[in-house]
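Summary of the model geometry
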Amino acid sequence: MDFGELTSSALDHELGTDDSTRLFTTGRRNRAINRGHFEFCDLTECLTRQSTMTCSNGVGEYNLISTVILSGGDFLRLSAQMPEYYLVSSGTTNSTTWTAGPDLFPRHDLPWLNQYDQDWRGSTGATPQAHYLRADGGRLLFGLAPPPRITSSQAGRVIFPYIAKPSTMTASTDLPFTVASTARTDLEPYQMALVHYAAGTLEKLRKNQEGGAAQMQQFLGYVQRYLLAQRPPGGQTLRFVRNYLSERRDRKSRDNWVTAQPFPWRT
């Protein structure tokens, strides 16, 4: 369904009326659908983007709100997939060095850095060993500790995965779950979640608290349906670091083999 269908026929069905001029005006309908769009994406984290951030020598912080850093201007929060730092060397070396993962490039906020690495602010540059977030007025800064050391023959970059805000739909042909002009068609089964959220919000206008609550429950049902669909098929299993049963079986097989071998020095 496009934006026009969501705000008209689909929402008419849930509200039980096609009123768009008195109580459930077109403007209210549009705002309610867009709010449901944002809430679903926020709760499910279904819109994840990955950007490549170019780093500069000795510069440790980058403003995530700036479209210079993230061109989409749609940063919401960090993804569960952690950032990765890599250094590309050109010329005779022509190599790439990666720093990634919870051991080599973990997230440590400022109180941790101040306690366990008191000199981190004074570093003039090295291979980053951690990353952090720091709010500063109207800026949200992504930091590298220590700041990267990048020579003239090198290029430092961060692969930055993040949860994106959905774009606001305005035209009747706009599709939900669209990022950079590309619609996520795999999310079509969840489009009605936006309608239920909008209906739950608009029901407040006629003081229908029970009906609004029922609509919100249906919205949350879609959220749960999406989250359950993201679970790995077959579930997850716990495994021991050591397989004692297998080790015992192997040891018994070796003992039997040794017992069965002929020993020429025996008489």
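To be clear, the structure that these remarks concern was listed above.
For the structure given in this document, a descriptive report is provided here.

Reading the values: rules and limits
Every chain is numbered on its own, with residues counted from 1 as its sequence reads. Only residues with pLDDT of 70 or above have their local features reported here, since the model is predicted, and side-chain atom pairs are shown and tallied only from 80 upward, although totals for entire chains, interfaces and linings are computed over all residues. With hydrogens and water excluded, all non-hydrogen atoms of the structure serve as input to the side-chain values. Counted as salt bridges are all cases of a side-chain nitrogen of Lys or Arg within 4 Å of a carboxyl oxygen of Asp or Glu. When accessible area is computed with a 1.4 Å probe and restricted to protein chains, residues below 20% of their type maximum are described as buried, those above 50% as exposed, and intermediate ones as partly exposed. The term nonpolar core refers to a set of buried residues drawn from Ala, Val, Leu, Ile, Met, Phe, Trp, Tyr and Cys, joined through side-chain atoms within 4.5 Å. Starting at the N terminus, helices and strands are each numbered in turn, a helix being any DSSP run of H or I of at least four residues and a strand any DSSP run of E of at least two. In what follows, residue pairs with any heavy atoms lying within 4.5 Å of each other are defined as contacts. By this rule, a helix spans an expected 1.5 Å times one less than how many residues it contains. To be clear, the arc concerns the directions from the helix axis to the C-beta atoms.

What follows covers the pattern of salt bridges. Going through the model one piece at a time under the given rule, you end up with 10 salt bridges. Of the charged contacts, one joins Arg107 and Asp109 as a salt bridge, the two residues approaching to 3.2 Å between their closest N and O atoms. A relative accessible area of 40% means that Arg107 is categorised as partly exposed. When the shortest N-O distance is used, the salt bridge between Glu203 and Arg206 registers 2.7 Å. The exposure class assigned to Arg206 is partly exposed, which follows from its relative accessible area of 34%. Look at the salt bridges and you will find they share partners, linking Asp42, Glu45 and Arg77 into a network.

As a further point, take the nonpolar core. Ranked by internal contacts, the top residues of the largest apolar core, which has 27 residues, are Leu11, Ile33, Phe40, Cys46, Phe177, Leu187 and Leu194. Among the secondary structure elements, those contributing two or more residues to this core are α1 (3–15), α2 (26–44), α5 (192–202) and α6 (209–229). If you tally residues by element for this core, the top one is α5, at seven residues. Once residues within four sequence positions are removed from consideration, Leu194 is found in contact with Leu6, Ile33, Gly36, His37, Phe40, Met169, Pro176 and Phe177. Within the second largest apolar cluster, 18 residues are counted, among which are Cys55, Tyr62, Leu70 and Ile150.

Compared with the 30 Å implied by 1.5 Å per residue over 21 residues, the 30 Å span of α6 between its first and last C-alpha is a close match. Within α6, the full set of buried residues consists of Gly211, Gly212, Gln215, Phe219, Tyr222, Val223 and Tyr226. The arc enclosing the buried residues of α6, seen along the axis, measures out at 130°, which places them on a common side. Away from its buried face by more than 90 degrees, α6 exposes Gln209, Glu210 and Gln217.

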